[in-house]
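Spelled out from the first residue to the last, the chains are:
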Amino acid sequence: MRLYRAIAGRIRQLCNERDCTINHICDLAGIPSSSVKNLLYDKSTNPGILMIYRLCDAFGITLEEFFRSDLFGKVVED
């Protein structure tokens with residue numbers, strides 16, 4: 001799995017766990033929902049660490065907790 005897909009999967013996972021929408025979490029994070037949706041729908045393959053950091057803050061977790069997922073154990077780059 002490519003890294004950006006693992007990140008997108010983790011965002012989806014966290015939204016599902018918290019029963020919230022992408023739009024809601026983006027509003028809380030103060031980032032445009034289009035930025036995250038571009039990542040989720042493979043229009044962007046390079047999410048910025050600041051975007052991930054802000055999402056973590058909105059989810060109420062640390063970066064460490066964000067990356068502590070089985071999804072990231074499957075990451076490979078071509």
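To be clear, the structure that these remarks concern was listed above.
Predicted model, so just to flag it, every value in this text is computed and none were measured.

Asker: Now, about the nonpolar core: what can you tell me, with residues and values included?
Answerer: In this structure, Ile11, Val36, Leu55, Phe59 and Phe66 are the most contacted members of the largest nonpolar core, which totals 25 residues. At the level of elements, helix H1 (3–18), helix H2 (22–29), helix H3 (33–40) and helix H4 (49–59) are the ones that each hand at least two residues to this core. No other element matches the seven residues that H1 contributes to this core. The residues contacting Val36, other than those within four sequence positions of it, are Ile11, Ile22, Cys26, Ile31, Met51 and Leu55.

Asker: I'd like a description of the packing of H2 against H3, backed by residues and values.
Answerer: It is at 9 Å that the axes of H2 and H3 come closest, and there the two elements cross at 130°. One way to sum up the angle between H2 and H3 is to call them oblique. As for how H2 packs across H3, the hand of that crossing is right-handed. Taking contact as the criterion, the partners of Ile22, Asn23 and Cys26 in H2 are, on H3, Ser33, Val36, Lys37 and Leu40. Across the contact of H2 with H3, the residue classes break down as four nonpolar, two polar and one charged.

Basis of the calculations
Residues numbered from 1 in each chain as written. Predicted model: local features only at pLDDT ≥ 70, side-chain atom pairs only at ≥ 80, totals over all residues. Heavy atoms only, no water. Core = buried A, V, L, I, M, F, W, Y, C linked by side-chain atoms within 4.5 Å. Buried < 20%, exposed > 50% of the residue type's maximum accessible area, 1.4 Å probe, protein only. Helix = DSSP H or I, 4+ residues; strand = E, 2+ residues; numbered from the N terminus. Contact = heavy atoms within 4.5 Å. Axes fitted to C-alpha atoms, helices over the stretch in contact; angles between N-to-C directions. Parallel < 35°, antiparallel > 145°, perpendicular 65-115°, else oblique. Left-handed = near helix turned anticlockwise from the far one by under 90°. Nonpolar A, V, L, I, M, F, W, Y, C, P; charged D, E, K, R; others polar.

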